[in-house]
Amino acid sequence: MYKTPEGKEIFIVDGHTHFWDGSPENQTNLQGKQFIECFYAYHNALSPPEQLWEKSRFEKYTEDQLYHDLFVDGPDDVAIIQSTYLKDFYKNGFSSIERSSHMAAKYPDRFIVNGSIDPRDGNKTLEYIHYMKENFDIQGLKLYTAEWNGKSKGWALNDPAAYKCFELCDKLGIKNMHVHKGPTIIPLNKDAFDVHDVDHAATDFQNLNWIVEHCGQPRIDDFCWIAVQENNVYGGLAVVLPFIHSRPYYFAEMISELLFWVGEDNILFGSDYAIWTPRWLVEKFWAFELPEEIKQRTGVDLTPEIKEKILGLNAAALYNIDVEDRKAKLESSPVLVAAE
Amino acid sequence: MSMTIALQQRRSEVDLENPKVAEVWRQLETVCDPELDEPVTDMGFIEGLEVDENGTVGICFRLPTYWCSANFAFLMATDMRHQVEKLDWVSRARVTLKDHMFEEQVNVGVNDGRSFREIFADLAPDQGLDEIREKFRQKAFQRRQEVMLLGLRRMSYSDDDIVKMTLQHYDRVRFSDQEEARQQRRYRDIIGELELANSPGDLAFCSYGGGALTAQGLDGYLATLRAVRINMEFSGALCRGLLNTRYKELKPDDDEPTLVDFILDRVPPRNAGKDAVPV
């Protein structure tokens, strides 16, 4: 729960978090090393100086640290944990559903753990979707189209094999597709940052929600165009939001474009933990106001009501979280502070 | 005798009297990161230069992350080789990309004069570099043009004045902002390359396809340019931040001039001269 300086309580759903193991022990090769180093570079490049972590902690953090950063020091009420395997780079996967679910089971009201698929594995993937549904009752997936798989260096959402997976997801009620579209690894097989496969998939699977993480940056214009036409396309603010600290005017330009095109009901907060921690992001976001000239030029505003939607209510709707009911539950079991 | 330099080293550590190094550097200044439309030299991508008495030049560069797009890396490396080999004393320019997921393929391809399509046939069969070059030339044009249009509006030119402005008039405008003054030259270069305007009476501003702009349509047109710029700025800000983190140990002190400043005779560095631009 975030309590604003005015005393209002804001329900926070952190739409994009990870419980990863990028430590040298888990790395398979140079790519594993370079991947976590790239994440660490993001952390360094966009965090306020007082928020910087040591590299060893960044590579692998404990359950207690995560819990503390999100719910004790941080304002999150519910965190959505994404699974990312990068099987070619990490022995036990970068962030596996088993490891995350094991941790999340201790705090059932706090976490939603999403699965992950690689359609290139064919029928095995379909079996795996059943496995995740039966064992973890997943509501969503993280789709990392840039993942390497042997000779292949990427896939697209509109590949026929991917469509088979989405058909099954639709049937099983796995509704929320978090698509990584943005920087870091570039799927070499495709046009570097192309987001158009989202357009095809979102049109062909109207029952599914397509949450485009990082808002497709650096193709925010293409993303906005797709989101205008598809009601089931959402923008996740991970990576976009940290600019609020280093380049606030530029953040204002991005968020105003998103408000104008994508709309206030289709934008979701996400800290991208542990690249960034939610506390400073939420505090700065709440305090943020659009410059007058941008308001006039675009005709949009970032009011407290809109901020509240972005910070939690929009994601709550996607994940069927009854906010009042959940608040009551969380109040009756306040955050546990681990014994130091 | 060959001379190897690391560009962030201090003056005392290298022989700065070699004019050939400066010539190579100036050629590299004409090579841009296609995605950012900024010179590879300004971005800090060039790590080392080597010039020998037979006219062989070695250029070593690296990018902000191991994962940067192979197609952009290939484009930049090709352009570096091409631009440096334009110097008449250069017999051969060898380009070396370091710390990249496809460094081997890029280095072999560029130095052996093979095409991107050939080198990456298995991974990117449908991709040639010409389309990408074209796409990003358009973005570069749009970005530079936006700076000019907004700059002129700030200087109280009316939208009508702007859409009717001739090249002759454009060349006489004196921007007080350093970035605007820089982009004034760069926009002039790109409209020349694209043959959109050449003679003094030609209109300075049109769309990328050569279509006329109108005063009533200028707001909408600027909205399109803004979206292009927002993308490019995102990449640019990230690249700078990531590069700083990746090679932190090589970052020079902020105020101390680096070798590059000495080579180019710009000590103190050009930021210090900001106020000297005529208003």
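About the criteria used
Residues numbered from 1 in each chain as written. Chains lettered and ligands numbered in written order. Predicted model: local features only at pLDDT ≥ 70, side-chain atom pairs only at ≥ 80, totals over all residues. Heavy atoms only, no water. Helix = DSSP H or I, 4+ residues; strand = E, 2+ residues; numbered from the N terminus. Rg over C-alpha atoms; globule rule 2.2 N^0.38 Å. Contact = heavy atoms within 4.5 Å. Areas by Shrake-Rupley, 256 points an atom, 1.4 Å probe, with all protein chains shown as cover. Lys, Arg positive; Asp, Glu negative; His and termini not counted. Charge placed at Lys NZ, Arg CZ, Asp CG, Glu CD. Domains from an automatic or database assignment. Buried area = accessible area lost by both parts, 1.4 Å probe. Phe/Tyr/Trp six-rings, centres within 6.5 Å; stacked < 30°, edge-to-face > 60°. Buried < 20%, exposed > 50% of the residue type's maximum accessible area, 1.4 Å probe, protein only. Lys NZ or Arg CZ within 6 Å of the ring centre and 35° of its normal. Salt bridge = Lys/Arg side-chain N within 4 Å of Asp/Glu carboxyl O. Polar contact = N/O pair within 3.5 Å; in protein donor to acceptor, adjacent residues only side chain to side chain.

What about the overall build of chain A?
Piece 1. Check the secondary structure of chain A and you find 14 helices and 11 strands.
Piece 2. Here the C-alpha radius of gyration of chain A, 19 Å, is about what a compact globule of 340 residues would show, namely 20 Å.
Piece 3. Seen along its three principal axes, the alpha-carbon backbone of chain A occupies a region of about 55 × 50 × 40 Å.
Piece 4. Within chain A, counting contacts between residues at least 6 apart in sequence, those at least 24 apart form 78% of the total.
Piece 5. Put simply, chain A shows about 12900 Å² of open surface, and 49% of that area lies on carbon and sulfur atoms.
Piece 6. Charge separation in chain A, taken as the distance between the mean sites of 33 positive and 53 negative side-chain charges, equals 4 Å.

Quick look at the domain arrangement of chain B
Residue and element names in this part refer to chain B.
Piece 1. Taken as a whole, chain B is organised into domain 1 (2-127) and domain 2 (130-238).
Piece 2. Between domain 1 and domain 2, the C-alpha centre-to-centre distance is 29 Å.
Piece 3. In this complex, domain 1 contributes 15 residues to the contact, which on the side of domain 2 involves 13 residues.
Piece 4. In total, domain 1 and domain 2 occlude about 1200 Å² of area from one another, counting both sides; carbon and sulfur atoms represent 49% of this.
Piece 5. Considering only the surface of domain 1 that becomes buried against domain 2, Glu 35, Leu 36 and Asp 37 emerge as the three largest contributors, covering 41% of it.

A short note on the packing of aromatic side chains
Piece 1. Taken as a whole, this structure holds 47 aromatic pairs over all chains when the rule is applied.
Piece 2. Measuring from centroid to centroid gives 5.8 Å for Tyr170(B) and Phe205(B), while their planes differ by 85 degrees, and the two rings are edge-to-face. With a gap of 35 residues between them, Tyr170(B) in helix H7 (residues 167-172) and Phe205(B) in the loop between helix H8 (178-193) and helix H9 (218-246) connect regions that are remote in the sequence. Across the pair, exposure class does not vary: Tyr170(B) and Phe205(B) are buried alike.
Piece 3. When the ring centre of Trp53(A) is taken as origin, the NZ or CZ atom of Arg57(A), which lies over that ring, is 3.8 Å away.
Piece 4. Taking NZ or CZ as reference, Arg247(A) lies 5.3 Å from the ring centre of Tyr250(A), over its face.

Structural notes on the interface of chain A and chain B
Piece 1. Contacts between the two partners involve 39 residues from chain A and, on the opposite side, 34 residues from chain B.
Piece 2. Across the chain A/chain B interface, buried area totals approximately 3100 Å², and carbon plus sulfur atoms make up 62% of it.
Piece 3. Our count for the chain A to chain B interface comes out at 3 salt bridges.
Piece 4. Run the count over chain A and chain B and you get 9 residue pairs in polar contact (both at pLDDT 80 or more).
Piece 5. Among the elements of the structure, helix H1 (30-46), helix H8 (220-229), helix H10 (248-261) and helix H12 (292-298) of chain A are those that each provide at least two residues to the side of chain A that touches chain B.
Piece 6. Looking at the side of chain A that touches chain B, the element that brings in the most residues is H1(A), giving 11 residues.

What about helix H3 (residues 63-72) of chain A?
Piece 1. Taken residue by residue, H3(A) has Glu63(A), Leu66(A), Tyr67(A), Asp69(A), Leu70(A) and Phe71(A) as its buried positions.
Piece 2. Buried residues along H3(A) sit in contact with strand E3 (13-17), helix H2 (55-59), strand E4 (78-81), helix H4 (97-104), strand E5 (111-113) and helix H11 (278-287) of chain A.

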